[in-house]
Amino acid sequence: MPTYRAPVENVRFLLDDVFAFHGRNNLRGFSDASPDLIQAVLTEGAKLAEEVLTPLNAIGDRQGCIRHADGRVTTPEGFKAGYDAYAAGGWMGIAVPEEYGGQGLPHTINTAISEFASSANLALTMYPGLTQGAMAALLVHGSEEQKATYLPKMVEGAWTGTMNLTEPHCGTDLGLLKTKAVPNGDGSYSLTGTKIFISAGEHDLSENIVHLVIARIEGAPAGTKGISLFVVPKFLVNEDGSVGERNGVSCGSLEHKMGIHGNSTCVMNYDGAKGWLVGQENRGLNAMFVMMNEARLAVGVQGLAQSEVAYQNAVAYAKDRLQGRSLTGAKAPDKVADPIIVHPDVRRTLMGIRAFNEAARALVLWTALQADIGHRSDDAAERQKAEDHMGLMTPVVKGVLTDKGFDNAVAAQQLFGGHGYIEEWGMSQFVRDARIAMIYEGANGIQAMDLIGRKLPKDGGRAMMGFLAEVQTFIKDHAEVEGMAPFTAPLQAGLNDLQSATMWFMQNAFSKPDNAGAGATDYMHLLGLVAMGYMWARIAKAALARIAQGPSPEMDDKLVTGRFYMERTLPETALRLARIKAGAETTMALGAEAF
């Protein structure tokens, strides 16, 4: 049976030492998040993940969800109790304003808890995760009546939420959608159409499900400019706020999936379902993008989460499994063989995953902190810088962390040899569950194209220039600091590659769009490598400061792990740059008939 231990101390180190989280009382709500409170929240979140959610993970994978003849869906054994524990702990509304029943804590803290929960049980955590995304969209674009009607119940966990975008004929190209909305004359609309791949679309965990659905109002323009967003509850809501009669929305079938079996992925049928417009008519994508961007960052956390839990179980196996002898002589002479963790190739795998996990966690928390700054700061310049960061890094967090999260789950499975291929060891589930994160909320190739086509040139390239300048300034300020050279020198080399790639795109991609398409994924990963290299440099600075106060084996270990990243992972920027500069010629040369 796989195990999991939440990395509470690593999160605290990042918040306290690397990002000076508690020095940001200028941000609304941060003064209430005292160090003692944060420690208590992280400790309780870890307890929920380790003791409640983890034991249900394998059960959910084996049993899956069941759709009944009447369209009802039941979740795996124990999921209802696990969800109820999540809701009862107040985790659903941890970052939601207090006026709607939430705790109003920084989103950064919610992000850390999301990692713990997603490592423990990704399928179950998706139910509250999607609810949080729906609440985010309603908070920004919902009317006061909609917020008052839905948010308190969703914060409580009595009601859950979903997002309904994809249709059988349209995935990435949402302008092709066919779901239509007809005005009823009373302020509501009748929605008709079919949505597919709807996570948490129907289940037995909550008494009502609040669907956010994109559709086209009759007579609206074709394409994305004619899309509107609607809130469509499974059960209509009475004037007193209680659950009323059943709405015209149902689960037509469940998808049979590779992984996340414990989450109900549904085909949803809307047969004249009553819904209400959220935000402005024909501006639905603007409203939905609030939820989509929130979801993309959350999916990036899922990639990290599966990498972390797979790593922890691979380490445990590597310490226990006896095979062969060390190349430098027996390390366990009293045993028939040495544990495989003594072998350099095993260490290469484990160190690679560990170095990624710590840097990725830092990148996630740094980005979540920027989201808090963007929403809570009273300084317009500070908000703009934070929003620039969010725009630039959202595709990186989603695309790079899920690509590498899956790769790491596979690498961790590989350490088990044949046992990794056997279901009872649990590594197969981590691989299968991690795979979806590369696909949903915009496949990673689309994330890369979004980065190149929209985020990079936006505002004259202000976000990228700001990031390059920030990293360059850090290198300049710390290159001569004792102990920092092993971090600043490789980071400078990686930054040079990123600058070269950016310049190459400016000169070659915008006049020849295929060059952008052919190099987009490599550019996204190049930026991710440098961003995580920057995180390691900042971690090293904080670790050295701790060591200066007294001996710390834990901080010594961090410096070694960081140097591994700088020596063995960050040099991949040169490979990515070479691929980018190769352009699109050979990629696009063959005719379609040649394939």
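Refer to the structure presented above.
A brief structural summary. (Residues numbered from 1 in each chain as written. Predicted model: local features only at pLDDT ≥ 70, side-chain atom pairs only at ≥ 80, totals over all residues. Heavy atoms only, no water.)

Observations concerning the pairing of strand β7 (residues 228-233)
The buried fraction of β7 amounts to 6 of the 6 residues, a majority that puts the element mostly inside the structure. Side-chain alternation along β7 places Ser228, Phe230 and Val232 on one buried face and Leu229, Val231 and Pro233 on a second face that is also buried. Sheet topology note: the strand β6 (residues 208-217)/β7 ladder contains 6 bridges and is antiparallel. In the sheet register, Ala215 faces β7, and the bridge partner there is Ser228. As defined by bridge partners, β7 adjoins strand β11 (residues 265-278) across 3 bridges and the pair is classed as antiparallel. Bridge pairing in β11 links Phe230 to Leu277. (Buried < 20%, exposed > 50% of the residue type's maximum accessible area, 1.4 Å probe, protein only. Helix = DSSP H or I, 4+ residues; strand = E, 2+ residues; numbered from the N terminus. Pairing = 2+ DSSP bridges.)

Side note on a nonpolar patch on the surface
A surface patch of nonpolar side chains, amounting to about 350 Å² of accessible area, comprises Tyr421, Ile422 and Trp425. Inspection of the secondary structure assignment puts Tyr421 in the loop between α9 (380-415) and α10 (427-436). Given the relative accessible area of 70%, Tyr421 is considered exposed. (Patch = residues over 30% accessible without salt bridge, like charges linked within 9 Å, V, L, I, M, F, W, Y side chains within 5 Å. Areas by Shrake-Rupley, 256 points an atom, 1.4 Å probe, with all protein chains shown as cover. Salt bridge = Lys/Arg side-chain N within 4 Å of Asp/Glu carboxyl O.)

Description of the pattern of salt bridges
If you walk through the whole model with that rule in mind, you get 25 salt bridges. Its salt-bridge partner being Asp378, residue Arg28 comes within 2.7 Å of it at the nearest N-O pair. Within this pair, whereas Arg28 is found in the loop between α1 (8-18) and α2 (35-63), its partner Asp378 is found in the loop between α8 (344-376) and α9, the two being separated by 350 residues in sequence. Salt bridges sharing partners connect three or more residues here, namely Asp388, Lys458, Asp459 and Arg462.

Describing unusual backbone geometry
The backbone of Ala20 shows a phi angle near 50°, a positive value even though the residue is not glycine. Residue placement: Ala20 occurs in the loop between α1 and α2. When its relative accessible area of 43% is taken as the criterion, Ala20 is described as partly exposed. At Phe197, a position not held by glycine, the phi torsion is positive, near 60°. Here Phe197 is to be found in strand β5 (residues 188-199). On the basis of relative accessible area, Phe197 is assigned to the exposed category, the value being 52%.

Notes on the nonpolar core
In this structure, Phe116, Leu212, Leu363, Phe467 and Tyr523 are the most contacted members of the largest nonpolar core, which totals 179 residues. Those residues within four positions of Phe116 in sequence are excluded, and the remaining contacts are Tyr4, Ala6, Pro7, Val8, Val11, Leu42, Gly45, Ala46 and Ala49. (Core = buried A, V, L, I, M, F, W, Y, C linked by side-chain atoms within 4.5 Å. Contact = heavy atoms within 4.5 Å.)

Description of the side chain of Gln429
By secondary structure assignment, the location of Gln429 is in helix α10. Setting aside residues no more than four positions away along its own chain, Gln429 makes contact with Asn57, Ala58 and Asp61.

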